Each structure stands twice: as structure tokens, then as C-alpha cells.
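Architecture at a glance
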Amino acid sequence: MLRRLFNLFIFSSVYIALGAVLMVYQTVDLLHITGLASSYYYFVFFSTLCSYNFHWYLTPPSSEQQMRVEWTQQHRSLHLILFLVGTCGSTYFCLQLFDHIAWLAIGVILTFLYSAPKISFPPFTYLRKIAIGKTLFLSAVWMYVTSLLPLIISGTAVLKAEWLFCLSRFFLIY
């Protein structure tokens, strides 16, 4: 029972979503950011839940039956449900941050592009050919969402120390 709960926590991406929120909190704390709306934390949580469950829902069965792949195939409907919950939650909290919609849209589009090559539809299948540097790309998106966006949304000046923090966060994730 404990093992099943642990796998649910890890493989449903709740763990990743909480980690993203903690990274935002760390950015706010270390850079002494004031004025970041609490709805941004919720937006990050639900967006992460949405994007990771979308990604794993699209992941095809693999011949190498790793525990993660096996769990994913057994719980595809859960991934779909969590994707829909994440979509609803992130949309709701995005609307509360409407003044920053352009900045949020950049993050949403970049996040979508990471999983887009898994969609079996002509414009997206083309991305499979140019999907290079996925780790580099994903690190940049995580840095953008957990470090740069909190600065932008809160209206904090992005000076040398803030850029160095963002750069260090990028390399930490990479």
C-alpha cells in the first residue's frame, strides 16, 4: 500500500509540481521579491501538473518495461484526468494573472513545444526531426518559470544579481 502511494506521488507528477512551487518560493525568498501574487504559485503547480501528465499520457508503450513506463501505461486514464485538472487549474489562475498574459504565454508555448513532438499530427511530427537539445531546452523553461517569471510578474528589477541567480538556476537544473 505504501509503495503504491509513493508511486502515485512520484509518477503522477504531483512531486514535480510541488518541486516547481518550492523553486518559485526559493526564488522569492532568496531574491527578497515582494508583490508576487499567490495565484502564481497555484498557476505553476497546475501548469506543471498539466504539462507533465500531458507528456506522459502521450508516451507510447516501450519494449523496455521500466517501472515508470509500466506505471504510466497502467494509469493512462489518471494521466488524462490530471492533465484536465491541471488545464482547468492553470487556466483559472492564469486569468487571475491576466496582466501578465504575454509573459505567461511564452512559458506555456515553450512548455507545449517540449511535448509537441509526441503528438501524431503532421505539424508536430516535423518537430521530431529538429528536437535537439531537449535537456538544454527543458532547463531553460524551468529557469524561466521558476526564476525569471517571478521577477517579471512582481515588477522586480532584473539586475546583475538576479541574472546571475537565473543563470545559476539554469545550470543547476541542466
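The sections below set out a description of the structure shown in this document.

Rules used throughout
- Residues numbered from 1 in each chain as written.
- Predicted model: local features only at pLDDT ≥ 70, side-chain atom pairs only at ≥ 80, totals over all residues.
- Heavy atoms only, no water.
- Core = buried A, V, L, I, M, F, W, Y, C linked by side-chain atoms within 4.5 Å.
- Buried < 20%, exposed > 50% of the residue type's maximum accessible area, 1.4 Å probe, protein only.
- Helix = DSSP H or I, 4+ residues; strand = E, 2+ residues; numbered from the N terminus.
- Contact = heavy atoms within 4.5 Å.
- Phe/Tyr/Trp six-rings, centres within 6.5 Å; stacked < 30°, edge-to-face > 60°.
- Lys NZ or Arg CZ within 6 Å of the ring centre and 35° of its normal.
- Expected span 1.5 Å × (residues − 1).
- Arc of directions from axis to C-beta.
- Patch = residues over 30% accessible without salt bridge, like charges linked within 9 Å, V, L, I, M, F, W, Y side chains within 5 Å.
- Areas by Shrake-Rupley, 256 points an atom, 1.4 Å probe, with all protein chains shown as cover.
- Salt bridge = Lys/Arg side-chain N within 4 Å of Asp/Glu carboxyl O.
- Polar contact = N/O pair within 3.5 Å; in protein donor to acceptor, adjacent residues only side chain to side chain.
- Axes fitted to C-alpha atoms, helices over the stretch in contact; angles between N-to-C directions.
- Parallel < 35°, antiparallel > 145°, perpendicular 65-115°, else oblique.
- Left-handed = near helix turned anticlockwise from the far one by under 90°.
- Nonpolar A, V, L, I, M, F, W, Y, C, P; charged D, E, K, R; others polar.

Quick look at the nonpolar core now. One finds V24, L36, Y40, F43, V44 and L104 to be the most contacted residues of the largest nonpolar core, which totals 34 residues. Mapped by element, the contributors of at least two residues to this core are α2 (14–30), α3 (38–58), α5 (76–96), α9 (134–154) and α10 (160–173). By residue number, the principal contributor to this core is α9, which donates nine residues. Residues in contact with Y40, not counting those within four places in the same chain, are V24, L97, L104, V145, L149, P150 and I153.

Counted according to the given criterion, the structure contains 14 aromatic pairs. For the pair F9 and Y15, a centre-to-centre distance of 5.8 Å together with 70° between the ring planes defines the contact as edge-to-face. Taking the relative accessible area as the measure of exposure, F9 reaches 34% and is therefore partly exposed. Site record: aromatic cluster; members linked through ring pairs are Y42, F45, F46, Y92 and F93. Here R68 stacks its cationic end above the ring of W56, 3.7 Å away from the centre of that ring. Directly above the ring of Y57 sits R76, whose terminal nitrogen or CZ lies 4.2 Å from the centroid.

Here helix α6 (residues 101–115) contains 15 residues, and its C-alpha end-to-end distance of 21 Å stays within 8% of the 21 Å for a straight helix at 1.5 Å per residue. Restricting attention to buried positions, one finds in α6 the residues L104, G107 and S115. Down the axis of α6, the sector holding all buried residues measures 80°, keeping them to one side. Structural note: α6 exposes A102 and I109 on the side pointing more than 90 degrees away from its buried face. Buried residues in α6 make contact with α3, α5 and α9.

This next bit is on a nonpolar patch on the surface. A contiguous nonpolar surface patch, about 540 Å² in accessible area, is contributed by L136, L164, L167, F171 and Y174. Ranked by the residues each element gives to the nonpolar patch, the list is headed by α10, at three residues. Position of L136 among the secondary structure elements: in helix α9. Here L136 falls in the partly exposed class, since its relative accessible area comes to 46%.

Let us now look at the side chain of R169. Here R169 is to be found in helix α10. Reaching out from R169, the side chain makes a polar contact with the side chain of T146 at a distance of 3.1 Å. With residues near it in sequence (within four places) discarded, R169 still touches M23, Q26, T27, M143, T146 and S147.

For the rest of this paragraph, the subject is the environment of R4. Within the element layout of this structure, R4 appears in helix α1 (residues 2–11). For the pair R4 and F165, spaced 161 residues apart in the sequence, the C-alpha separation amounts to 37 Å.

It is worth spelling out the packing of α6 against α9 at this point. Interhelical geometry of α6 versus α9 gives an angle of 165° and a closest axis separation of 10 Å. Accordingly, the angle class assigned to the pair α6 and α9 is roughly antiparallel. Seen from above, α6 lies across α9 with left-handed handedness. Here W103, L104, I106, G107, L110, T111, L113 and Y114 of α6 come into contact with α9, specifically with K134, F137, L138, V141, Y144, L149, I152 and I153. Taken together, the residues that form the contact of α6 with α9 break down as 13 nonpolar, two polar and one charged.

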